[in-house]
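Here is how the chains run, residue by residue.
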Amino acid sequence: MRPTMGAPGVVRTVLRAPFERRALRELLYVLSGLPLAVATFAYAVTMLFVGAGLLITFLGVPVLAAGLAGARGLGRLERARARGLLGLDVAEPEPVRALQRSRGPMAWMGATLRSGVSWRHVLYALLHLPWAMLSFTATALVVFHGWLLLLFPAWQWLFHNRDRDALQFHDGLQIGARSGQGGGEVLDTPPEVLVVTVVGLLLVLLTPWLVRGLSRVDRLLVVGLLGPSRLATRVWELESDRGAVVDTAAADLRRIERDLHDGAQARLVALAMDLGLAKEKLLEDPEAAAKMVDEAHGEVKLALQELRDLARGIHPAILTDRGLGPALSALAARCTVPVTVTTDLTERPVAAIEGITYFTVSELLQNVSKHSGATRAGVELWRGKDRLMLQVSDDGKGGASAEAGSGLAGLAERLDAVDGLLVLDSPRGGPTTVTAELPWRDQ
(Lines give C-alpha, C1' and ligand atoms only; values in the text may rest on other atoms or scores of the structure.)
Protein backbone atom coordinates (compact mmCIF):
# COMPACT_ATOMS: atom_id res chain seq x y z
CA MET A 1 0.00 0.00 0.00
CA ARG A 2 1.29 3.44 -0.87
CA PRO A 3 2.28 5.39 2.26
CA THR A 4 0.14 8.43 3.12
CA MET A 5 1.97 11.74 2.77
CA GLY A 6 2.00 13.83 5.96
CA ALA A 7 1.24 17.54 6.23
CA PRO A 8 4.92 18.63 5.92
CA GLY A 9 5.28 16.52 2.78
CA VAL A 10 2.16 18.07 1.27
CA VAL A 11 3.46 21.57 2.00
CA ARG A 12 6.84 20.81 0.44
CA THR A 13 5.17 19.33 -2.65
CA VAL A 14 2.92 22.38 -3.10
CA LEU A 15 5.78 24.85 -2.63
CA ARG A 16 8.09 22.99 -5.04
CA ALA A 17 5.45 22.41 -7.71
CA PRO A 18 5.78 25.77 -9.57
CA PHE A 19 9.53 25.26 -10.01
CA GLU A 20 9.63 21.58 -10.96
CA ARG A 21 10.70 20.57 -14.44
CA ARG A 22 7.42 18.79 -15.05
CA ALA A 23 5.41 21.93 -14.26
CA LEU A 24 7.62 24.06 -16.50
CA ARG A 25 7.34 21.57 -19.37
CA GLU A 26 3.56 21.39 -19.03
CA LEU A 27 3.36 25.19 -18.94
CA LEU A 28 5.47 25.40 -22.09
CA TYR A 29 3.24 22.80 -23.76
CA VAL A 30 0.05 24.74 -23.04
CA LEU A 31 1.51 28.11 -24.05
CA SER A 32 3.08 26.77 -27.26
CA GLY A 33 -0.11 24.95 -28.20
CA LEU A 34 -2.05 28.01 -29.36
CA PRO A 35 0.20 29.15 -32.24
CA LEU A 36 0.53 25.58 -33.48
CA ALA A 37 -3.22 25.06 -33.15
CA VAL A 38 -3.88 28.20 -35.19
CA ALA A 39 -1.54 26.97 -37.93
CA THR A 40 -3.02 23.45 -38.04
CA PHE A 41 -6.60 24.77 -37.96
CA ALA A 42 -5.90 27.15 -40.83
CA TYR A 43 -4.26 24.33 -42.78
CA ALA A 44 -7.15 21.91 -42.19
CA VAL A 45 -9.86 24.44 -43.09
CA THR A 46 -8.03 25.59 -46.21
CA MET A 47 -7.38 22.02 -47.32
CA LEU A 48 -11.01 21.01 -46.83
CA PHE A 49 -12.46 24.04 -48.61
CA VAL A 50 -10.05 23.90 -51.54
CA GLY A 51 -10.34 20.13 -51.93
CA ALA A 52 -14.14 20.15 -51.63
CA GLY A 53 -14.39 23.05 -54.07
CA LEU A 54 -12.28 21.24 -56.64
CA LEU A 55 -14.21 17.98 -56.38
CA ILE A 56 -16.22 18.99 -59.42
CA THR A 57 -12.98 18.52 -61.30
CA PHE A 58 -10.44 15.74 -61.11
CA LEU A 59 -8.09 17.96 -59.07
CA GLY A 60 -10.21 17.68 -55.93
CA VAL A 61 -9.23 14.08 -55.21
CA PRO A 62 -5.43 14.56 -55.26
CA VAL A 63 -5.73 17.85 -53.35
CA LEU A 64 -7.74 16.18 -50.58
CA ALA A 65 -5.40 13.19 -50.49
CA ALA A 66 -2.33 15.43 -50.29
CA GLY A 67 -4.04 17.51 -47.61
CA LEU A 68 -4.80 14.43 -45.53
CA ALA A 69 -1.19 13.29 -45.86
CA GLY A 70 -0.09 16.74 -44.66
CA ALA A 71 -2.48 16.47 -41.69
CA ARG A 72 -0.78 13.22 -40.72
CA GLY A 73 2.56 15.01 -40.85
CA LEU A 74 1.26 17.73 -38.51
CA GLY A 75 -0.05 14.99 -36.24
CA ARG A 76 3.45 13.52 -36.11
CA LEU A 77 4.70 16.94 -34.95
CA GLU A 78 2.03 17.05 -32.23
CA ARG A 79 2.97 13.58 -31.00
CA ALA A 80 6.61 14.64 -30.83
CA ARG A 81 5.65 17.76 -28.84
CA ALA A 82 3.56 15.68 -26.43
CA ARG A 83 6.41 13.17 -26.10
CA GLY A 84 9.01 15.84 -25.37
CA LEU A 85 7.01 18.09 -23.02
CA LEU A 86 4.39 15.82 -21.45
CA GLY A 87 6.29 12.54 -21.52
CA LEU A 88 3.36 11.02 -23.42
CA ASP A 89 4.63 8.30 -25.73
CA VAL A 90 1.93 7.71 -28.34
CA ALA A 91 2.61 5.01 -30.91
CA GLU A 92 2.47 5.76 -34.61
CA PRO A 93 -0.98 5.00 -36.06
CA GLU A 94 -1.42 2.39 -38.73
CA PRO A 95 -0.03 3.46 -42.11
CA VAL A 96 -2.08 4.00 -45.24
CA ARG A 97 -2.38 0.66 -47.04
CA ALA A 98 -3.66 0.36 -50.57
CA LEU A 99 -5.26 -2.85 -51.80
CA GLN A 100 -2.69 -5.46 -52.73
CA ARG A 101 -4.12 -5.83 -56.22
CA SER A 102 -3.92 -2.04 -56.83
CA ARG A 103 -0.74 -0.06 -57.37
CA GLY A 104 0.15 3.48 -58.30
CA PRO A 105 -0.97 7.00 -57.29
CA MET A 106 -4.68 6.32 -57.73
CA ALA A 107 -4.56 3.41 -55.30
CA TRP A 108 -2.67 5.54 -52.77
CA MET A 109 -5.17 8.41 -53.07
CA GLY A 110 -8.10 6.05 -52.63
CA ALA A 111 -6.52 4.43 -49.58
CA THR A 112 -5.74 7.85 -48.07
CA LEU A 113 -9.30 9.08 -48.52
CA ARG A 114 -10.65 5.87 -46.97
CA SER A 115 -8.24 6.01 -44.03
CA GLY A 116 -10.01 6.82 -40.78
CA VAL A 117 -6.67 7.75 -39.22
CA SER A 118 -6.18 10.59 -41.70
CA TRP A 119 -9.64 12.02 -41.00
CA ARG A 120 -9.04 11.76 -37.26
CA HIS A 121 -5.97 13.96 -37.72
CA VAL A 122 -8.13 16.55 -39.47
CA LEU A 123 -10.69 16.33 -36.66
CA TYR A 124 -7.90 16.92 -34.13
CA ALA A 125 -6.83 20.07 -36.00
CA LEU A 126 -10.40 21.41 -35.90
CA LEU A 127 -11.06 20.58 -32.23
CA HIS A 128 -7.68 21.56 -30.86
CA LEU A 129 -7.95 25.28 -31.68
CA PRO A 130 -10.89 26.18 -29.37
CA TRP A 131 -9.43 24.12 -26.56
CA ALA A 132 -5.96 25.63 -27.09
CA MET A 133 -7.46 29.13 -26.96
CA LEU A 134 -9.28 28.33 -23.71
CA SER A 135 -6.29 26.70 -22.02
CA PHE A 136 -3.86 29.39 -23.23
CA THR A 137 -6.11 32.21 -21.99
CA ALA A 138 -6.74 30.63 -18.60
CA THR A 139 -3.08 29.81 -18.08
CA ALA A 140 -1.82 33.22 -19.22
CA LEU A 141 -4.28 35.08 -16.96
CA VAL A 142 -3.44 33.01 -13.89
CA VAL A 143 0.33 33.20 -14.47
CA PHE A 144 0.30 36.96 -15.21
CA HIS A 145 -1.91 37.98 -12.29
CA GLY A 146 -0.31 35.49 -9.91
CA TRP A 147 3.22 36.83 -10.36
CA LEU A 148 2.03 40.44 -10.60
CA LEU A 149 0.22 40.21 -7.27
CA LEU A 150 3.01 38.20 -5.65
CA LEU A 151 5.52 40.91 -6.61
CA PHE A 152 3.15 43.73 -5.60
CA PRO A 153 5.49 45.05 -2.85
CA ALA A 154 8.30 45.35 -5.40
CA TRP A 155 6.03 47.22 -7.83
CA GLN A 156 4.88 49.52 -5.03
CA TRP A 157 8.44 50.34 -4.02
CA LEU A 158 9.48 50.84 -7.64
CA PHE A 159 6.69 53.32 -8.48
CA HIS A 160 6.42 55.03 -5.09
CA ASN A 161 7.69 58.63 -5.53
CA ARG A 162 8.20 61.51 -3.12
CA ASP A 163 4.51 62.42 -3.29
CA ARG A 164 3.81 58.86 -2.04
CA ASP A 165 2.09 57.90 -5.24
CA ALA A 166 1.13 54.22 -5.02
CA LEU A 167 -0.22 51.40 -7.07
CA GLN A 168 -3.98 51.39 -7.31
CA PHE A 169 -6.59 49.10 -8.73
CA HIS A 170 -8.95 50.62 -11.24
CA ASP A 171 -10.94 48.65 -13.79
CA GLY A 172 -8.60 45.73 -13.10
CA LEU A 173 -4.99 45.93 -11.97
CA GLN A 174 -3.41 49.25 -13.13
CA ILE A 175 -0.67 51.62 -12.03
CA GLY A 176 -2.13 54.99 -10.92
CA ALA A 177 -1.40 57.89 -8.61
CA ARG A 178 -2.69 59.01 -5.26
CA SER A 179 -4.29 61.95 -6.99
CA GLY A 180 -6.59 59.08 -8.08
CA GLN A 181 -7.82 60.03 -11.49
CA GLY A 182 -10.74 57.71 -12.01
CA GLY A 183 -11.41 57.19 -8.28
CA GLY A 184 -9.54 53.87 -7.93
CA GLU A 185 -8.72 52.37 -4.54
CA VAL A 186 -5.17 52.94 -3.31
CA LEU A 187 -3.43 49.99 -1.66
CA ASP A 188 -0.53 51.21 0.39
CA THR A 189 -1.06 50.00 3.94
CA PRO A 190 0.89 46.92 5.13
CA PRO A 191 -2.26 44.75 5.72
CA GLU A 192 -3.54 45.54 2.23
CA VAL A 193 -0.18 44.81 0.65
CA LEU A 194 0.03 41.54 2.62
CA VAL A 195 -3.42 40.42 1.43
CA VAL A 196 -2.54 41.15 -2.21
CA THR A 197 0.76 39.28 -1.86
CA VAL A 198 -0.93 36.25 -0.28
CA VAL A 199 -3.50 36.14 -3.11
CA GLY A 200 -0.66 36.27 -5.64
CA LEU A 201 1.15 33.44 -3.82
CA LEU A 202 -1.97 31.29 -3.90
CA LEU A 203 -2.39 31.89 -7.63
CA VAL A 204 1.26 31.00 -8.28
CA LEU A 205 0.92 27.80 -6.25
CA LEU A 206 -2.33 26.98 -8.06
CA THR A 207 -0.82 27.44 -11.54
CA PRO A 208 0.95 24.04 -11.95
CA TRP A 209 -2.16 22.12 -10.85
CA LEU A 210 -4.35 24.13 -13.19
CA VAL A 211 -1.95 23.56 -16.08
CA ARG A 212 -1.75 19.86 -15.24
CA GLY A 213 -5.51 19.56 -15.36
CA LEU A 214 -5.69 21.39 -18.69
CA SER A 215 -2.93 19.24 -20.16
CA ARG A 216 -4.89 16.09 -19.29
CA VAL A 217 -7.45 17.07 -21.88
CA ASP A 218 -4.62 17.49 -24.40
CA ARG A 219 -3.42 14.01 -23.51
CA LEU A 220 -6.87 12.60 -24.23
CA LEU A 221 -7.05 14.40 -27.57
CA VAL A 222 -3.60 13.23 -28.65
CA VAL A 223 -4.15 9.61 -27.61
CA GLY A 224 -7.71 9.41 -28.92
CA LEU A 225 -7.26 11.17 -32.28
CA LEU A 226 -3.57 10.99 -33.16
CA GLY A 227 -2.71 7.52 -31.89
CA PRO A 228 -3.59 4.10 -33.27
CA SER A 229 -7.19 2.98 -33.00
CA ARG A 230 -8.19 0.26 -30.54
CA LEU A 231 -8.84 -2.12 -33.41
CA ALA A 232 -5.39 -1.48 -34.91
CA THR A 233 -3.76 -1.86 -31.49
CA ARG A 234 -5.56 -5.15 -30.98
CA VAL A 235 -4.50 -6.36 -34.43
CA TRP A 236 -0.87 -5.51 -33.66
CA GLU A 237 -1.12 -7.33 -30.32
CA LEU A 238 -2.55 -10.39 -32.04
CA GLU A 239 0.19 -10.29 -34.68
CA SER A 240 2.82 -10.05 -31.94
CA ASP A 241 1.16 -12.87 -30.00
CA ARG A 242 1.03 -14.99 -33.14
CA GLY A 243 4.76 -14.42 -33.63
CA ALA A 244 5.42 -15.43 -30.03
CA VAL A 245 3.34 -18.58 -30.45
CA VAL A 246 5.14 -19.49 -33.68
CA ASP A 247 8.54 -18.91 -32.06
CA THR A 248 7.57 -20.98 -29.03
CA ALA A 249 6.29 -23.83 -31.18
CA ALA A 250 9.48 -23.75 -33.29
CA ALA A 251 11.62 -23.81 -30.13
CA ASP A 252 9.63 -26.78 -28.77
CA LEU A 253 10.04 -28.66 -32.06
CA ARG A 254 13.80 -28.01 -32.02
CA ARG A 255 13.98 -29.22 -28.42
CA ILE A 256 12.04 -32.41 -29.25
CA GLU A 257 14.23 -33.03 -32.29
CA ARG A 258 17.39 -32.50 -30.26
CA ASP A 259 16.20 -34.79 -27.47
CA LEU A 260 15.26 -37.50 -29.95
CA HIS A 261 18.51 -37.21 -31.87
CA ASP A 262 20.82 -37.07 -28.84
CA GLY A 263 18.86 -39.40 -26.60
CA ALA A 264 16.50 -42.14 -27.71
CA GLN A 265 17.70 -42.24 -31.34
CA ALA A 266 21.34 -42.63 -30.31
CA ARG A 267 20.42 -45.39 -27.88
CA LEU A 268 18.36 -47.22 -30.49
CA VAL A 269 21.24 -47.04 -32.98
CA ALA A 270 23.59 -48.48 -30.36
CA LEU A 271 20.98 -51.13 -29.56
CA ALA A 272 20.75 -52.17 -33.23
CA MET A 273 24.54 -52.50 -33.44
CA ASP A 274 24.72 -54.52 -30.23
CA LEU A 275 21.99 -56.89 -31.43
CA GLY A 276 23.77 -57.28 -34.77
CA LEU A 277 27.00 -58.25 -33.01
CA ALA A 278 25.12 -60.60 -30.69
CA LYS A 279 23.55 -62.31 -33.71
CA GLU A 280 26.97 -62.90 -35.24
CA LYS A 281 28.33 -64.39 -31.98
CA LEU A 282 25.23 -66.44 -31.21
CA LEU A 283 26.69 -69.66 -32.66
CA GLU A 284 30.40 -69.03 -32.00
CA ASP A 285 30.17 -67.70 -28.41
CA PRO A 286 26.70 -68.10 -26.88
CA GLU A 287 27.79 -66.72 -23.49
CA ALA A 288 29.15 -63.47 -25.02
CA ALA A 289 26.03 -63.19 -27.18
CA ALA A 290 23.80 -63.60 -24.10
CA LYS A 291 25.79 -60.91 -22.28
CA MET A 292 25.39 -58.55 -25.24
CA VAL A 293 21.66 -59.25 -25.40
CA ASP A 294 21.43 -58.49 -21.68
CA GLU A 295 23.21 -55.14 -22.24
CA ALA A 296 20.86 -54.43 -25.16
CA HIS A 297 17.93 -55.10 -22.86
CA GLY A 298 19.24 -52.42 -20.49
CA GLU A 299 19.59 -49.99 -23.39
CA VAL A 300 15.96 -50.67 -24.35
CA LYS A 301 14.83 -49.78 -20.84
CA LEU A 302 16.82 -46.54 -20.89
CA ALA A 303 15.47 -45.64 -24.32
CA LEU A 304 11.90 -46.27 -23.15
CA GLN A 305 12.47 -44.08 -20.07
CA GLU A 306 13.81 -41.25 -22.24
CA LEU A 307 10.83 -41.58 -24.57
CA ARG A 308 8.48 -41.37 -21.56
CA ASP A 309 10.24 -38.27 -20.31
CA LEU A 310 10.04 -36.76 -23.77
CA ALA A 311 6.34 -37.57 -24.05
CA ARG A 312 5.78 -36.04 -20.60
CA GLY A 313 7.55 -32.91 -21.82
CA ILE A 314 5.19 -32.68 -24.80
CA HIS A 315 1.99 -33.23 -22.83
CA PRO A 316 1.97 -35.37 -19.67
CA ALA A 317 -0.57 -38.16 -19.54
CA ILE A 318 -1.48 -37.37 -15.92
CA LEU A 319 -2.55 -33.88 -16.97
CA THR A 320 -4.83 -35.25 -19.68
CA ASP A 321 -6.30 -37.96 -17.47
CA ARG A 322 -6.62 -36.30 -14.06
CA GLY A 323 -6.26 -32.53 -14.48
CA LEU A 324 -4.10 -29.80 -13.00
CA GLY A 325 -4.26 -30.77 -9.32
CA PRO A 326 -2.63 -34.22 -9.59
CA ALA A 327 -0.31 -33.05 -12.40
CA LEU A 328 1.06 -30.18 -10.28
CA SER A 329 1.44 -32.51 -7.30
CA ALA A 330 3.53 -34.82 -9.51
CA LEU A 331 5.68 -31.84 -10.51
CA ALA A 332 6.13 -30.86 -6.87
CA ALA A 333 7.21 -34.42 -5.99
CA ARG A 334 10.06 -34.23 -8.51
CA CYS A 335 11.27 -30.83 -7.26
CA THR A 336 14.41 -30.87 -5.08
CA VAL A 337 12.78 -28.36 -2.70
CA PRO A 338 9.74 -29.33 -0.59
CA VAL A 339 6.69 -27.84 -2.32
CA THR A 340 3.17 -27.39 -0.98
CA VAL A 341 0.47 -27.49 -3.66
CA THR A 342 -2.96 -25.93 -3.08
CA THR A 343 -5.59 -26.05 -5.82
CA ASP A 344 -9.14 -24.71 -5.66
CA LEU A 345 -10.80 -25.61 -8.96
CA THR A 346 -14.26 -27.09 -9.30
CA GLU A 347 -13.96 -27.61 -13.05
CA ARG A 348 -11.25 -27.84 -15.67
CA PRO A 349 -10.27 -25.21 -18.21
CA VAL A 350 -9.58 -26.01 -21.84
CA ALA A 351 -6.60 -28.23 -22.60
CA ALA A 352 -4.51 -25.35 -24.02
CA ILE A 353 -4.79 -23.32 -20.79
CA GLU A 354 -4.12 -26.43 -18.72
CA GLY A 355 -0.97 -27.13 -20.73
CA ILE A 356 0.35 -23.58 -20.42
CA THR A 357 -0.36 -23.57 -16.68
CA TYR A 358 1.41 -26.90 -16.22
CA PHE A 359 4.55 -25.87 -18.10
CA THR A 360 4.58 -22.49 -16.34
CA VAL A 361 4.66 -24.22 -12.96
CA SER A 362 7.24 -26.69 -14.29
CA GLU A 363 9.62 -23.93 -15.38
CA LEU A 364 9.11 -21.92 -12.19
CA LEU A 365 9.82 -24.95 -10.00
CA GLN A 366 12.95 -25.67 -12.05
CA ASN A 367 14.10 -22.12 -11.30
CA VAL A 368 13.39 -22.71 -7.61
CA SER A 369 15.49 -25.90 -7.67
CA LYS A 370 18.42 -24.43 -9.59
CA HIS A 371 18.72 -20.78 -8.60
CA SER A 372 16.69 -19.81 -5.52
CA GLY A 373 18.53 -21.52 -2.66
CA ALA A 374 15.13 -21.96 -1.02
CA THR A 375 14.21 -24.42 1.71
CA ARG A 376 10.52 -24.57 0.82
CA ALA A 377 8.13 -23.39 -1.88
CA GLY A 378 4.42 -23.19 -2.50
CA VAL A 379 2.10 -23.44 -5.49
CA GLU A 380 -1.44 -22.02 -5.30
CA LEU A 381 -4.03 -22.31 -8.06
CA TRP A 382 -7.54 -20.89 -8.05
CA ARG A 383 -10.17 -19.37 -10.28
CA GLY A 384 -11.14 -15.69 -10.06
CA LYS A 385 -14.19 -14.88 -12.19
CA ASP A 386 -12.98 -15.30 -15.78
CA ARG A 387 -9.28 -15.68 -14.88
CA LEU A 388 -7.17 -18.62 -13.80
CA MET A 389 -4.82 -17.42 -11.05
CA LEU A 390 -1.48 -19.06 -10.30
CA GLN A 391 1.05 -18.12 -7.63
CA VAL A 392 4.44 -19.77 -7.04
CA SER A 393 6.47 -18.57 -4.05
CA ASP A 394 9.67 -19.57 -2.28
CA ASP A 395 11.76 -18.39 0.67
CA GLY A 396 15.01 -18.20 -1.32
CA LYS A 397 17.54 -15.42 -1.81
CA GLY A 398 15.42 -13.45 -4.31
CA GLY A 399 16.86 -11.17 -6.97
CA ALA A 400 15.10 -12.91 -9.87
CA SER A 401 14.80 -10.83 -13.04
CA ALA A 402 12.37 -10.82 -15.95
CA GLU A 403 14.65 -8.83 -18.24
CA ALA A 404 14.83 -9.60 -21.94
CA GLY A 405 16.71 -12.81 -22.64
CA SER A 406 15.91 -14.47 -19.31
CA GLY A 407 13.73 -17.54 -18.88
CA LEU A 408 11.08 -15.50 -17.07
CA ALA A 409 10.92 -13.07 -20.00
CA GLY A 410 10.21 -15.96 -22.35
CA LEU A 411 7.60 -17.25 -19.95
CA ALA A 412 5.94 -13.83 -19.87
CA GLU A 413 5.85 -13.78 -23.68
CA ARG A 414 4.22 -17.21 -23.75
CA LEU A 415 1.53 -16.06 -21.31
CA ASP A 416 1.01 -12.82 -23.21
CA ALA A 417 0.31 -14.84 -26.35
CA VAL A 418 -2.94 -16.05 -24.75
CA ASP A 419 -3.82 -12.71 -23.07
CA GLY A 420 -2.14 -13.80 -19.87
CA LEU A 421 0.02 -11.83 -17.44
CA LEU A 422 3.13 -12.56 -15.38
CA VAL A 423 4.04 -10.43 -12.34
CA LEU A 424 7.35 -10.91 -10.52
CA ASP A 425 8.11 -9.78 -6.95
CA SER A 426 11.63 -10.80 -5.98
CA PRO A 427 13.55 -8.33 -3.80
CA ARG A 428 17.16 -8.97 -2.86
CA GLY A 429 17.19 -11.34 0.09
CA GLY A 430 13.83 -12.85 -0.82
CA PRO A 431 11.22 -14.07 -0.73
CA THR A 432 10.19 -14.50 -4.37
CA THR A 433 6.59 -14.54 -5.54
CA VAL A 434 5.55 -15.06 -9.15
CA THR A 435 1.91 -14.46 -9.97
CA ALA A 436 0.41 -15.49 -13.29
CA GLU A 437 -3.02 -14.81 -14.75
CA LEU A 438 -4.51 -16.73 -17.65
CA PRO A 439 -7.92 -16.43 -19.27
CA TRP A 440 -10.43 -19.03 -18.11
CA ARG A 441 -12.00 -20.95 -20.95
CA ASP A 442 -14.35 -23.82 -20.21
CA GLN A 443 -13.96 -27.11 -21.97
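Whatever comes next refers back to the structure up there.
Figured I'd write up the structure that's included with this text. Small disclaimer: the values here were computed from a predicted structure and weren't measured.

**Here we look at the packing of aromatic side chains**
Here is step 1: According to the stated counting rule, one finds one aromatic pair in the structure shown.
Here is step 2: When the ring of Tyr358 is compared with that of Phe359, the centres are 5.3 Å apart and the planes differ by 85°; the resulting orientation is edge-to-face.
Here is step 3: Judged by relative accessible area, which is 4%, Tyr358 ranks as buried.

**Quick word on the packing of helix 2 (residues 21-53) against helix 3 (residues 60-85)**
Here is step 1: Packing of helix 2 against helix 3 brings their axes to within 10 Å, and their N-to-C directions diverge by 175°. Our classification of the angle between helix 2 and helix 3 gives roughly antiparallel.
Here is step 2: For the contact of helix 2 with helix 3, a count of residues per class yields 16 nonpolar, eight polar and four charged.

**Considering the pattern of salt bridges**
Here is step 1: As enumerated under the stated definition, the model contains eight salt bridges in all.
Here is step 2: Among the ionic pairs, Arg212 bridges to Glu26, the shortest N-O distance being 3.2 Å. Remark: Glu26 occurs in helix 2 and Arg212 occurs in helix 7 (residues 190-226); sequence separation between them is 186 residues.
Here is step 3: With a closest N to O distance of 3.2 Å, Arg83 and Asp89 form a salt bridge.
Here is step 4: One salt-bridge network, in which partners are shared between bridges, spans Arg22, Glu26 and Arg212.

**Let's talk about the pairing of strand 7 (residues 421-425)**
One face of the sheet, then the other: side chains in a regular strand alternate in exactly this way.
Here is step 1: Of the pairings in the sheet, the one linking strand 7 to strand 8 (residues 432-439) comprises five bridges and is antiparallel in character. Of the residues in strand 8, the one forming a bridge with Val423 is Thr435.
Here is step 2: Linking two consecutive strands that pair antiparallel, namely strand 7 and strand 8, is a turn of six residues; a positive phi of about 95° is found at Gly429 within it.

**Concerning a negative patch on the surface**
Here is step 1: On the surface, Glu280, Glu284, Asp285 and Glu287 cluster together into a negatively charged patch.
Here is step 2: Structurally, the position occupied by Glu287 is in helix 9 (residues 286-314).
Here is step 3: The class for Glu287 is exposed, based on a relative accessible area of 69%.

**Section: a nonpolar patch on the surface**
Here is step 1: A contiguous nonpolar patch, built from Phe19, Trp147 and Leu151 and spanning about 320 Å² of accessible area, is present on the exposed surface.
Here is step 2: Within the fold, Trp147 resides in helix 5 (residues 116-150).
Here is step 3: Looking at Trp147, the relative accessible area reads 35%, which means it is partly exposed.

**With respect to the nonpolar core**
Here is step 1: Ranked by size, the top nonpolar core spans 33 residues in total, and within it Leu365, Val379 and Leu438 carry the most contacts.
Here is step 2: Listing elements by their share of this core, those giving two or more residues are helix 11 (324-334), helix 12 (351-372), strand 5 (377-384), strand 6 (387-394), helix 13 (407-416) and strand 8.
Here is step 3: If near-sequence neighbours (up to four positions away) are discounted, Val379 is found in contact with Leu328, Val339, Thr340, Val341, Thr342, Val361, Leu365, Leu390, Gln391 and Val392.
Here is step 4: With 13 residues, the next largest nonpolar core counts Leu88, Tyr124, Leu214 and Leu225 among its residues.

Thresholds, definitions, all that
Residues numbered from 1 in each chain as written. Predicted model: local features only at pLDDT ≥ 70, side-chain atom pairs only at ≥ 80, totals over all residues. Heavy atoms only, no water. Phe/Tyr/Trp six-rings, centres within 6.5 Å; stacked < 30°, edge-to-face > 60°. Buried < 20%, exposed > 50% of the residue type's maximum accessible area, 1.4 Å probe, protein only. Axes fitted to C-alpha atoms, helices over the stretch in contact; angles between N-to-C directions. Helix = DSSP H or I, 4+ residues; strand = E, 2+ residues; numbered from the N terminus. Parallel < 35°, antiparallel > 145°, perpendicular 65-115°, else oblique. Nonpolar A, V, L, I, M, F, W, Y, C, P; charged D, E, K, R; others polar. Salt bridge = Lys/Arg side-chain N within 4 Å of Asp/Glu carboxyl O. Pairing = 2+ DSSP bridges. Patch = residues over 30% accessible without salt bridge, like charges linked within 9 Å, V, L, I, M, F, W, Y side chains within 5 Å. Areas by Shrake-Rupley, 256 points an atom, 1.4 Å probe, with all protein chains shown as cover. Lys, Arg positive; Asp, Glu negative; His and termini not counted. Charge placed at Lys NZ, Arg CZ, Asp CG, Glu CD. Core = buried A, V, L, I, M, F, W, Y, C linked by side-chain atoms within 4.5 Å. Contact = heavy atoms within 4.5 Å.

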